Amino acid sequence: HLITQNVIPRPELNEIVQSVNQTAVTLIKAEAGMGKSVVLLDLHRQLQEQNIISIPIRLDRKHPENNIDQFGQDLGFPSSPISCLKNFAKHQKVVILLDQLDAIRWTGSHSSNALEICRQLVRQILSLRQEKIQISIILASRDFDAQEDAALSSWIGSLTSHLSEISISTLDESIVSNLIKDYEVYNSLTEEKKKTLQIPLWLNIYLTIAERIQSAPQFTNKLELVRLFRENRLDLLEFNHHISKQD
């Protein structure tokens, strides 16, 4: 999540860039709300600045269906995206950013086919790298799904010799402290509150409310913070569009 519409630099980014330069497959893991997609957004910008072709794909928005050529067509390529990028990768490094890998778990009866298409993407990349072609892929998944989904876990395990794994950590306390300093003192918070606000999702919700009410949201747990956020959104809807909460 963007924190108040800004990307917070994450220390893992340098590690990911190094992995992209050295490894065929990089797996980024984190629990929900830790900011994997924003890390990939920041990475995408950096790669473009380095004149590297970066292809971001979100599997929760573009579900792989039928076969790899059809998936490529759905993305705007004539056929398999890897085959289409081969000629570019001969002269310029190419990185595929495959976000929300865990989303293919929830494609129902088609999940095994979707996973097979992802396997084919990686196999084609590994084949091109044997030809000394500069292409690599980044996979991003929730840690839980990468471990608990049998098919996904087995596939990731089979890539060990080509794979680098990087976990996204919580935000540093100094960053959180600086972001909330206009509303309250970080060191005065309970340990539960501190841990909650070190997770980008919850920090963004906190700051969205705080900026609206110009004071620190009063909460003791995540559920209360969600309730405050809902009430704040309803108040905003009523103020901007004259729609009452009852409506």
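Fair warning: this is a prediction, and the values are worked out from it, not measured in the lab.

Q: What is the right way to look at the overall build of the protein in this model?
A: A count of helical and extended segments in the protein gives 11 helices and five strands. With the C-alpha coordinates of the protein rotated into their principal frame, the extents come out at 60 × 40 × 35 Å. Of all 247 residues assigned to the protein, the portion counted as buried reaches 46%. Summing over all exposed atoms, the protein offers an accessible surface of approximately 12,900 Å²; the carbon and sulfur share of this is 47%. Both charge centroids of the protein, one from 26 positive and one from 30 negative side chains, sit 3 Å from each other.

Q: Just checking my understanding: could you explain the pattern of salt bridges for this structure?
A: Any two side chains of opposite charge can pair, given that their charged atoms come close. Under the defined criterion, the tally for this structure stands at 10 salt bridges. A salt bridge links Glu116 to Arg119; its shortest N-O distance comes to 3.2 Å. With Glu116 and Arg119 both in helix α5 (residues 111-130) and three residues apart, the pair spans about one turn of that helix. Judged by its relative accessible area of 25%, Glu116 is partly exposed. With a shortest N-O distance of 2.7 Å, Glu116 and Arg123 are connected by a salt bridge. Residues joined by salt bridges that share partners form a network here, namely Lys29, Asp143 and Glu165.

Q: Please explain the sheet that holds strand β5 (residues 163-167) as it appears in this structure.
A: Neighbouring strands of a sheet are bound in pairs by backbone hydrogen bonds; such pairs are parallel or else antiparallel. Read across the open sheet, the five strands follow the order β2-β3-β4-β1-β5; overall the sheet is parallel. Every other strand in the sheet has two partners, leaving β2 (53-58) and β5 as the edge strands with one partner each. Here the average twist between neighbouring strands, direction ignored, is 15°. Alignment of strand β1 (residues 25-30) against strand β4 (residues 135-142), held across six bridges, turns out to be parallel. Across the sheet, the residue bridging to Ile28 is Ala140, located in β4.

Thresholds, definitions, all that
Here, residues in each chain are numbered from 1, in the same order as that chain's written sequence. Totals for whole chains, interfaces and linings use all residues, but because this is a predicted model, local features are given only for residues with pLDDT of at least 70 and pairs of side-chain atoms are given and counted only at 80 or more. Values shown for side chains rest on all heavy atoms present in the structure; no hydrogens or waters enter the calculation. Each helix is a run of H or I in the DSSP string that is no shorter than four residues. Each strand is a run of E no shorter than two, and both are numbered from the N terminus. Whether a residue is buried, partly exposed or exposed follows from its accessible area with a 1.4 Å probe, protein chains only, as a fraction of its type maximum: under 20%, in between, or over 50%, in that order. All accessible areas in this document rest on Shrake-Rupley with a 1.4 Å probe, and a residue is counted as covered only by the protein chains that are shown. We treat Lys and Arg as the positive residues and Asp and Glu as the negative residues; His and chain ends play no part in the count. By convention, the point assigned to a charge is CZ for Arg, NZ for Lys, CD for Glu and CG for Asp. One speaks of a salt bridge when a side-chain nitrogen belonging to Lys or Arg is within 4 Å of a carboxyl oxygen belonging to Asp or Glu. Two strands qualify as a pair provided that DSSP identifies no fewer than 2 bridges between them. With axes taken as lines fitted to C-alpha atoms, and helix axes fitted only over the stretch in contact, angles between N-to-C directions fall between 0 and 180 degrees.

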